[in-house]
Structure formats: C-alpha cells, structure tokens
Amino acid sequence: MNPSLLTAPSSSQPRPLLTFPFSPNSLPTRPRYRVSFPRNSLSTDDQSPTSTSSSETTTTPTSPDIFGGPKDLTGIQPVVQKLSPPVRLATSAVILAGALAAGYCLGLRFGGNRNAALGGAAILGAAGGAAAYAMNAAVPEVAAVSLHNYVAGCDGPETVRKEDIENIAKKYGVSKQDEAFNMELCDLYCRFVSSVLPSGNEDLRGDEVETIISFKNALGIDDPDAASMHMEIGRRIFRLRLETGGRDGDLEQRRTFQRLIYVSTLVFGDASTFLLPWKRVFKVTDSQVEIAIRDNAKQLYASKLSSFGRDVDVKLLVSLREAQLKYKLSDELAKDLLMEHKRKLVEENVSVALHILKSRTRTVGGVKQALEELNKILAFNDLLISLSNHPDADCFARGVGPVSLVGGEYDSDRKMDDFKLLYRTYVTDSLSGGLMEKNKLIALNQLRIILGLGNKESEAIIRDVTSKVYQKRLSEAFQSGDLEMADSKAAFLQNLCEELHFDPQKASEIHEEIYRKKLQQCVADGELDENDVAALLRVRVMLCIPQQTVDSAHSDICGSLFEKAVKDAISAGVDGYDADVKKAVRKAAHGLRLTREAAMSIASKAVRKVFLNYVKRSRSAENRTESAKELKKMIAFNTLVVTELVADIKGDSSDTPSEEPVKEEIKQLDEDDEWESLQTLRKIRPNKELTAKMGKPGQMEITLKDDLSERDRMDLYKTYLLYCLTGEVTRIPFGAQITTKRDDSEYVLLNQLGGILGLTTEETVEVHRSLAEQAFRQQAEVILADGQLTKARVEQLNELQKNVGLPGPYAQKVIKSITTTKMAAAIETAIGQGRLNIKQIRELKEAGVDLDNMISESLRENLFKKTVDEIFSSGTGEFDEEEVYEKIPADLKVNSQKAKGVVHDLARTRLSNSLIQAVALLRQRNRQGVVSSLNDLLACDKAVPSEPLSWEVPEELADLFGIYAKSNPAPEKLSRLKYLLGISDSVAASVQEMGDGVLSVGAEEEKFVF
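The model shown is predicted, which means the values in this text are computed figures rather than measured ones. (Residues numbered from 1 in each chain as written. Predicted model: local features only at pLDDT ≥ 70, side-chain atom pairs only at ≥ 80, totals over all residues. Heavy atoms only, no water.)

A. Expanded view of the overall build of the protein. In terms of regular secondary structure, the protein is built from 47 helices and two strands. Counting across all 1010 residues of the protein, residues that qualify as buried make up 44%. The long-range share in the protein, meaning contacts at least 24 apart out of those at least 6 apart in sequence, stands at 75%. Total accessible area computed for the protein in this model is approximately 53000 Å², and 51% of it derives from carbon and sulfur atoms. (Helix = DSSP H or I, 4+ residues; strand = E, 2+ residues; numbered from the N terminus. Buried < 20%, exposed > 50% of the residue type's maximum accessible area, 1.4 Å probe, protein only. Contact = heavy atoms within 4.5 Å. Areas by Shrake-Rupley, 256 points an atom, 1.4 Å probe, with all protein chains shown as cover.)

B. Expanded view of the packing of aromatic side chains. Counted under the stated rule, the structure contains ten aromatic pairs. Taking 6.0 Å as the distance between ring centres and 40° as the angle between the ring planes, the aromatic pair formed by Tyr410 and Phe419 counts as tilted. Look at Phe419 and you get buried, because its relative accessible area is 3%. Ring plane angle 45° and centroid distance 5.5 Å describe the contact between Tyr720 and Tyr723, whose orientation is recorded as tilted. On the criterion of helical spacing, the pair formed by Tyr720 and Tyr723 is a turn pair, its members being three residues apart in helix H33 (residues 710–726). Both residues of the pair, Tyr720 and Tyr723, count as buried. In textbook terms, an aromatic cluster arises when at least three aromatic residues are bridged by ring pairs, as seen for Phe257, Trp278 and Phe282. (Phe/Tyr/Trp six-rings, centres within 6.5 Å; stacked < 30°, edge-to-face > 60°.)

C. Representation of unusual backbone geometry. Of note in the backbone geometry, Cys544 takes a positive phi value of approximately 55° without being a glycine. Summarising the element assignment, Cys544 is placed in the loop between helix H24 (530–543) and helix H25 (547–571). Under the relative-accessibility criterion, Cys544 is labelled partly exposed at 37%. The phi dihedral of Arg925 falls on the positive side, at around 60°, and the residue is not glycine. Inspection of the secondary structure assignment puts Arg925 in the loop between helix H42 (896–923) and helix H43 (927–943).

D. Representation of the nonpolar core within the structure. Counting 184 residues, the largest nonpolar core has Tyr189, Trp278, Phe308, Tyr470, Phe562 and Tyr720 as the members making the most contacts within it. It is helix H28 (residues 596–619) that provides the largest number of residues to this core, a total of eleven residues. (Core = buried A, V, L, I, M, F, W, Y, C linked by side-chain atoms within 4.5 Å.)

E. Highlighting the environment of Leu371. Along the chain, Leu371 falls in helix H17 (residues 364–388). The class for Leu371 is buried, based on a relative accessible area of 9%.

F. Geometry of H33. Given a rise of 1.5 Å per residue, 17 residues ought to cover 24 Å, and the 24 Å separating the end C-alpha atoms of H33 matches this to within 8%. Regarding H33, the residues found buried are Arg713, Met714, Leu716, Tyr717, Thr719, Tyr720, Leu721, Tyr723 and Cys724. (Expected span 1.5 Å × (residues − 1).)

G. Representation of the packing of helix H20 (residues 455–480) against helix H22 (residues 489–500) in the model. Axis separation between H20 and H22 bottoms out at 11 Å; the angle between their running directions is 145°. Here the hand of the crossing between H20 and H22 comes out right-handed. Only Phe492, Leu493, Leu496, Cys497, Glu499 and Leu500 of H22 make contact with H20, whose side of the interface consists of Thr466, Val469, Tyr470, Arg473, Leu474 and Ala477. Class assignment of the residues belonging to the contact of H20 with H22 gives a composition of nine nonpolar, one polar and two charged. (Axes fitted to C-alpha atoms, helices over the stretch in contact; angles between N-to-C directions. Left-handed = near helix turned anticlockwise from the far one by under 90°. Nonpolar A, V, L, I, M, F, W, Y, C, P; charged D, E, K, R; others polar.)

H. Main features of the state of the cysteines. Counting across every chain of the model gives zero disulfides. Of all cysteine sulfurs, the one in Cys190 lies closest to Cys186, which takes part in no disulfide; the gap is 8.6 Å. Lacking any disulfide linkage, Cys558 is separated from the closest cysteine sulfur, that of Cys522, by 9.3 Å. Overall, the relative accessible area of 0% leaves Cys558 in the buried class. (Disulfide = S-S within 2.5 Å.)

I. Highlighting a negative patch on the surface. Negative charge collects at one region of the surface, where Asp880, Glu881, Glu882 and Glu886 lie side by side. By relative accessible area, Glu886 is classed as exposed at 52%. (Patch = residues over 30% accessible without salt bridge, like charges linked within 9 Å, V, L, I, M, F, W, Y side chains within 5 Å. Salt bridge = Lys/Arg side-chain N within 4 Å of Asp/Glu carboxyl O. Lys, Arg positive; Asp, Glu negative; His and termini not counted. Charge placed at Lys NZ, Arg CZ, Asp CG, Glu CD.)

J. Looking closely at helix H41 (residues 881–892). Compared with an ideal rise of 1.5 Å per residue, which puts twelve residues at 16 Å, H41 spans 16 Å between its outermost C-alpha atoms and is within 8% of the ideal. Within H41 the residues assigned to the buried category are Glu883, Val884, Tyr885, Ile888, Pro889 and Leu892. The backbone nitrogen of Glu882 has a side-chain oxygen 3.3 Å away, supplied by the residue at the start of H41, namely Asp880. (Polar contact = N/O pair within 3.5 Å; in protein donor to acceptor, adjacent residues only side chain to side chain.)

K. Broad picture of the side chain of Asp936. In this fold, Asp936 is placed in helix H43. Nearest to the buried, unbridged Asp936 among oppositely charged side chains is Arg910, at 4.2 Å. With near-sequence residues (within four places) excluded, Asp936 lies in contact with Phe872, Ser873, Ser874, Gly875, Thr876, Arg910 and Ser914.

L. Inspection of the pattern of salt bridges at higher detail. Going through the model one piece at a time under the given rule, you end up with 37 salt bridges. Where Asp648 meets Arg586, a salt bridge forms, and the shortest distance between an N and an O atom there is 3.3 Å. One end of the pair, Asp648, is in helix H29 (residues 624–650); the other, Arg586, is in helix H27 (residues 579–591), with 62 residues separating them in the sequence. As a salt-bridge pair, Arg908 and Asp905 come within 3.5 Å of each other at their nearest N and O atoms. Note that Arg908 and Asp905 are positioned in helix H42 at a spacing of three residues, about one turn of the helix. Among the residues examined, Arg908 registers a relative accessible area of 49% and is labelled partly exposed. Judged by relative accessible area, which is 46%, Asp905 ranks as partly exposed. What emerges from the salt-bridge pattern is a single network uniting Lys582, Arg586, Glu644 and Asp648.

M. View of the packing of H17 against helix H18 (residues 416–430). Put simply, H17 and H18 touch, their axes get as near as 10 Å, and they point 100° apart. As judged from the angle between their axes, H17 and H18 are roughly perpendicular. Listed contacts from H18 to Val367, Leu371, Leu374, Asn375 and Leu378 of H17 are Leu422, Thr425, Tyr426 and Asp429. Its residues assigned to classes, the contact of H17 with H18 shows six nonpolar, two polar and one charged. (Parallel < 35°, antiparallel > 145°, perpendicular 65-115°, else oblique.)

N. Main features of the confidence of the model for the protein. Predicted confidence across the protein gives a mean pLDDT of 76, with 75% of residues reaching 70 or more. Every residue in residues 1–63 scores below 50 in pLDDT, and together they form 132 contacts with partners more than four places removed in sequence or on other chains. Residue range residues 656–675 is modelled with pLDDT below 50. Its contacts to residues more than four positions away, or to other chains, number 21 contacts. (pLDDT = per-residue confidence, 0-100.)

Written out as structure tokens, the structure is:
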C-alpha cells in the first residue's frame, strides 16, 4: 500500500476526512460494463475557467452534452430497424425456407440424384440460417442504438419516459436484461449521474438525489446495476486523482468522492449498505463513510437555513424538518446548526448596538437605535419561544427555542464588559419613566439569559441603576414635601420600592447612608447641638430608620471622633494628662451624645492596646526585674491616666476613689480563714495608713481579661509577686550582687495589677498558693531525702509550713506526694532485687500503701511470674488454683486471663525440667532433692494435666518412683506420679518391696555405664 495515499496533502482549504487508501492493483477483478463519460462532468483538468464559471450557473446540462450525439446504424442494422418482430420472424423463416428449397433444387439439378439435392439443401439452408441468425443477433444492438438516440434526442433528462423505453424494448422484442440493451441503460445512467454530481469545490444543490432517482426510475434500471455504476464512477474518480497528482486536484477529487458517497446513500436508502461496498472496494472505514454523509448533510441543511430569518413561521420550520429528514441529518447536528444560525442573526444586532454605544459621537438618537436592536433581539427570542410551545412543535426543525450567544464570537470573558454595557443601557431605558413595568422585568430576564450574564452581574447592574433612580425620586419627594405630608412614611417608601421593584433591604441601606452623611455634616464642628439633633431626628422619622441603625451610625461616626480624642489623651502620657486634655475628653464624651456604654467600649479598646504593649515589653525583658518594672509602668499608667480618663467619661470626680471593689475583694478573702496564713495575701490588703500613703487606687473596669488567656494573666501576676518577694537585684563588679528588699507598698501595686489583668479572687489565691506550695516542696524534698518520716522531721516540716504560710491540707498533700514517690522507688528496687514477695506486698496494702500507682504494670506482671515460679519450685507438690488464679492476680492488679496463660506456660516448662532435675539428683544419690523435684513435677501437673512422660532409661524412672514411695506421700500423689512416670503395677510392687536397695542398684548401673 502506498503511504502517500493515506496522507492528505496540506492545503489552505479544509481537508476532507475521506481518503483513498488503496492502489489500482488492489482493486478486485470483476465483470465490467463498457461505460463512456462526458469529460466536462467530472474532470477538472480539461475545463477552462470560462466553462467552469458557466457550469456553476447551469442547473442541468442539455441532453446532447450529457449523452453525446445520435448513433448511426451500420450493415444490416438499418434493415433490422425497419422490421417489426413478427415480420422479422417471417422473413427469417422465408430466408431459411428459400435457402433450403434453392439448395435442394440446385443439388438435384447439378447432382442428378436425391443425395446431391439434400446436400445442396443443407449447404444453402445453413447459409440461410446464418443470415437469419445475423439478422436476429443485430436486434439488441439496434435496440440499444434506438434507446441511446431516444434519450439523446429528448429535450432533457427529465423528459425521458419509462413507457417510451419499454416501447423500444417491446418494439424490438428484447428484454432489459439483454446484455447490449442493459449496457446501454447503464451507460446512460452513468453519464447522467456523472453530470449531476458537482465537481471541484462546488457544493450540492439539494435536488441531485431526486433528479437521479427520477431518471433511474424512468430508465427502469435495476438497483444492483445502478449501484455498480456508482461504484464505477468512484473508480474513475480515483483514477483521475492518480492522473492529476497535484495537491489541489487531489483535494477536489476527494471532495467529489465524498459527495458521491452521500448522494449514492440517499439514492439507494437502506439497501445502500449491501449495494455499495465502499469499505471492501475502496478500503474506506465506516467512520469515514459516516463523516462524508454528515458533512454533506450539514452543508445542504446549512444552505437551507439561509431562508431562516427573524420573521420565521410555522411553514418554514416544517419544511426545515422535512429537509433534515430528507438529508439524513441527525437531530443533534440539526439543532446545533439552527442554534448557530440563530446566534449569528443575534450577533448582527449586538454588533450594531455596540458600535453605536461605543461611538465617541454617540447621541440620544443613537442610543434609541441601539435599544431598537436590543428590542429586535427580544422580539426574535419571544417568537422562537412561542414557536417552541406550539402544539405541533414536534414537526418543527430541531433547535427552535430561546437564542443564546454561547459558542459564538461573543462567548469570551473579554466581551463581558460589552454585555454589561448593553444590559445597563436597557435597564436605564426601562427605568426612564421613574418606575419598572412588569413586561420590562420579563424582557430584562430574557436579555440576561441571551447575553449570558450571571445573576450576580445582572442584579448588581439593576441594583446600581435602580438605586440612583430611587435616590432621585426620594430627593424629589423630600423637596416637594410629599414624603413629609404622607400619613404613613413607611407606606410611602414601600410603595416607592414596589413601583421600582426595588429591594426594601437595599432601600434601608440607602436610608442609612443618607443618615450617615447628614450625621457627618452635623459633627463637622466636633459636637452635636440641639439643631443638629432635631435635623437628624427629622431625617430618621421620614426615612423610618430603626434605633439600632441610628446607634450604629453614631457609634461609627461619633465614635471615631471620640476615639481620636481618647488616643490624644492616652498619647499625652502620665505627665501630659492636664486640664486641657480632660476638657477635650469631657467635650467629646458628652458633646457627641454617645452613651456611656459606647464611650467606655471605645476607650477600653484604645486603653487595652496600650496595656498589651506594656505586656509585650514585659515578656521580652531580659530578666524578671526588668519585666516587673514594665508591669509597674503599666500600673502607674492605669492609675494616673486611665483612671482619670474613665472618670472624665463618666463625668465623675476622680478625687474620691471608689473602694467598693477592694472592699468586696477583702470581704471575699475574709470569708475563707484558711488562707489567712498566706502572708503575701495578707499584704495585698492595705491598711488605712498605707492606703493614704499610696493615694487613690486605679480603675478596675478596663481589664485584659478577654485579651489574654488565664495562664498568661496568672504568669504575669506571678512575675510581679516574685518581684515583691525577692526584691530588686543589682549586680556589681567582681560577680557580686546586691538585693534591695521591697516594702509592703509593692503588694498594693500587685493588687492593682490583678485588677488590670482581670483576675478573680480564686485565680489570685491560686497564684499565691502555688508559689507557697513550690517553696514548701523545694525545702520538704531536702528534709525527706530518704523518704522516711520521723517525729523530728514532722516538727521540722510543721515549722516550715508556718514560715511559708501554706495551709495544712496542701502541706500534707505535698508531704504525702514526696514520701509516696520515694517509697515507690524503694519498692521497685526491692522487687527488682527479689527482696519483696507477695506476702510483703499484702502487708503493705493492708498498711494503706497505694501499690497500684507505685508499681508499674510490667513490674507487677514480673512479680506475679516470679511468685508462680516459686510455687512450682517449692518442693511441696501443692498448687492452690484459687490462690494462684484469683487472689494473687487480685492483689497485684493483674488481668486474670493473662495470669492464667502465664501459669500454664510456666507449668509446661517446669514439668519437663523437674523430671530432668529429679534424674540428676537421683544420680547424685540426693534422696531429699529427688522427692522435692518430683513434688514440683506434681505441682506443675496440677496446673496443666500432662500425659505420661518418657525417658531413655526406664530403670531410673522406677528408682524415682521407689524413692518417692518411701517418703510417705499422700496416696493420690503417689498414684498420679505412677501415671506420669508410666510405672506398671508389677514394677511398682517390686520397687516397693526392694526398699532401700533401689538407690544402690541405680548407682551400680550408673557406675557400670560409665
């Protein structure tokens, strides 16, 4: 196979998908008809530009151009043409009879006998028969010539009549299946099909199939013969492709072949699958055939859609549907083509409208023209929607429905601004009268869908335009007094929203914006006077603004002004908070008409930022002393600035400090006498002299409780508490340091720090207690280094408790924790060294020692295993299941199932080991050891019953049994040992009779072996 045949030549024109992947040698051999073709129908090489252009304007060539001129009769054919079938038969009979008679007479005359006469008759009869046969044999040729001359003489192919052709065949007495006649029929059909098919880059007109079918029926040619002519045309197209060799010629022939496949398929209908073997003859695939049919059907349907305009009607849609079925185009492709055609029509209107709107010289008339284009689009869309809902919509062309610009030249994000411009223009026109009509809402929704705008984009445009119209009408209502004279302001505003189809929530936002602008104008001088309040109240009443919105506006606008005054006061610092600053704060707090809660919220936010800056510097300090100094600065700032600020906001005098929080806290502390022993807690409650010395206390309303976690606040408090306890450490040269003790005034500042940090009484007490407990634990661990608690050490610990000031229960808890930890370590050491058994464990538990928490689980399991191993090696032969399986695991808090598994594993291991050990002791003549080992074996057997044991020297087993029998064991033990050692009754009796001789015999045997 030639690879070049599989590759399409590159061309600027679209490449057909149908190729010819075969060579002439690969074509199958088959009987062929002699067919001639008009060269001007399919060949493009011999045509001049003039003939090409003229062929495009001619629908059907004239008959002589298609079929050639008339044919002449030769030889005997003119005679045959004049004879009718009966005359021809009679003439043939006369010729034959005359020849026979003449031959008989001549033979008789010249031969003189009968045989010569018969020979002459035979010779001339044969000649006459040959003449008669020649005359009859010329009949089909004469009929074929007559057929050709008839068709060629017609004014056009459409004037050929089937009856005339049948009369020709009848005239000459031939059948259509006669070879010559049939060949002429095929030749005429082939010529006609070749002339009908457009060549080169010409497109199908749509009437080719009907024309070919009509001519085929007129000729009366059978479908198989007609199909063979289509295949012959395909072969000729392929040969022309090979002859041209050029890229353009090759492309044209391929397109011609695609059109041949499409037209042939429509001509023969369903029978084309077996009448037209494209795949077998031309080696094309089914998909290539389908593509050829699809592309040509699309081309024909697209040309049919040219009549589809903006004034489409039912009749046109029905005709399009019929054309689609006729062209064998699928519903999906037909729908896509119609949608594309509709989109192009709409794109024309969109382009015109955009050109007008984007023009620099845009005028009012131009905008109206753009609106007319949009109205055309909407009218066209409404017409299509109504047709899609028609009762006979199933008979219409597929794709009738709303139009859309998706998939066209405007289907791009870059075109979205253009769509928004169109949509805004239409919305503005819809609201030009001051209200939104219902039909305009429907039109806007349809336009949004056509332009492909999302709900958010369209709603934003409508909201923007409607907001401006609403504000304009609201302004007119204000100026005219209509709103003020309305009985119900809410009903007036609601009616206005309904006329514009405007969201009341958005209208409320506009009302709020209007109120905020008015409020900003009123507070431009820094305060609100009575006239300002009255004007704001009028706006609020007329626009029905709720109190919550008013408070929010005042909080934002007036609050920003007040926040500026507060920040100026804070930035003045400790030394800058003078009378002018106090006056500015009071003017801002009361002149702006802020509520006390709102003013305190704003001040709290600013003050807490400063507090957090102090906390940040405290955390980043190099040491504890520097950290405490930063906290001390924060306490001073709170006392000298924040306290004054809060008093000015409230309008109170700062000369009379409020002691209620301190008294309440002292009262809460006095309720718990248990904490009276903590000296640091007693010191944070100042007496009258210290209170007079320290001056006014700081405010406790603005705290860091919500800004810092509980852990962070307690850590800061603890840092300053340690500073109060240890004092200030100053380092001097040579590595020395000087500690300066602080007086009790630092504890008063500590109390104020607790208030700034927002610590509760319980949290403050917890810090003091934890610090006291930490000091007590450090010294108690030194006293109880060995874990032994003696009387002298108890007295020493009591003295330490008084010095530290830790309450008794907490001191006892610390002591118990230390002793428990020390004891746990000692117990674990004793277990590891084997100095602690189950009996001692039980004694410790009876003494109240919590061994479960002191001894780890793994260590308790090892102790259990060790205890069971001691039972199996005790030499008593006893095994108490209740003791081993229940009591000991319960005492050691070991899982009973897990304990039982450990016992079984040990018993199996010790069973065999006990027998080996008993034999070894037997050989050493250690009677007592033998008995103990056998008892251990019986104990293991009680835990896990065993099968009889085996041994290489049975006599040694007998000796073991004899020694154990002389130790006066219990009968059940002796019987069980007899079973385990496999001793028979006779051997047992003989061994018991031998008595003490058992060991000596075994010893002698051992000696003999060695």
